[in-house]
Amino acid sequence: MRVLGIDPGLTRCGVGVVEGVAGRPLTMIGVGVVRTPSDAELGDRLVAVERGIEQWLDEHSPGFVAVERVFAQHNVRTVMGTAQASAVAMLCAARRGIPVALHTPSEVKAAVTGSGRADKDQVGAMVTRLLRLDAPPKPADAADALALAICHIWRAPAQNRLQQAVAAHRTSGASRTPGVPGTSRTPGASRTPSTPRPLKGRTA
């Protein structure tokens, strides 16, 4: 499984490609950052993010794309830029028919470090260890992108089994006959019509 992890952002959009399967050593294929100038127009910055992600998709041909799920922050301007970059990443993947998965920051931290409250230094250290790198990727956005890819590789099998179970449950539920289990009857069909009693006439 080859996954492109994307840590969305307008100024710095972290990207990292990891290959492997759950339960076995993983391999980093590439890591980097797509940058845009902060003084450029918003539309131009989004185009730059799109081109950068498209380049990574062309070069590495991932089977999956993992994007960090955007949460509201106190800084509205920052969260808006992050959400816009996230939408561009999902658009690039969807346009190519590549499945996209969204993972929360806590999910990623918990998967990589064992704690959903780990800081960036801890995430970077564990990414370095798991991928057998010489040093933590810089900047932190790049390390976060690799962590996203690792998280998806480890969680994908469980998610797939859950989705299959849900699909099977829905299929079995649709095949059942509505009403009381094990019965199929037309309302009133089992009732025996009552025989009308003869009228008692008067004797003349």
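In this report, the structure presented in the accompanying data block is examined. (Residues numbered from 1 in each chain as written. Predicted model: local features only at pLDDT ≥ 70, side-chain atom pairs only at ≥ 80, totals over all residues. Heavy atoms only, no water.)

## Points about the side chain of R45
As a reminder of what qualifies: By definition, any uninterrupted DSSP run of H or I lasting at least four residues is a helix, any uninterrupted run of E lasting at least two residues is a strand, and each is numbered from the N terminus. Contacts are residue-level and defined by heavy atoms, with any inter-residue pair within 4.5 Å sufficient.
Note that R45 resides in helix α1 (residues 42–60). With near-sequence residues (within four places) excluded, R45 lies in contact with L10, T11, T36, P37, S38 and A40.

## Examining the sheet that holds strand β3 (residues 27–35)
Quick reminder of the rule: The pairing criterion is simple: DSSP has to find at least two bridges between the two strands. Between the N-to-C directions of two axes lies an angle of 0 to 180 degrees, each axis being a line fitted to C-alpha atoms and, for a helix, fitted only over the stretch in contact.
Pairing within the open sheet is mixed, and its five strands lie in the order β3-β2-β1-β4-β5. Each edge of the sheet is formed by a strand with only one pairing partner; in this case those strands are β3 and β5 (100–103). For this sheet the average axis-to-axis angle between neighbouring strands, irrespective of direction, equals 20°. Examined bridge by bridge, strand β4 (residues 64–68) and β5 share four bridges and lie parallel to one another. When the bridges of β5 are listed, V67 appears paired with L102. Across the sheet, α1 touches β1 (2–7), β2 (12–19), β3 and β4, and the angle it forms with β3 is around 160°.

## Looking at the environment of G124
Within the fold, G124 resides in helix α4 (residues 120–130). Separated by 12 residues in sequence, G124 and P136 have C-alpha atoms that sit 5.4 Å apart.

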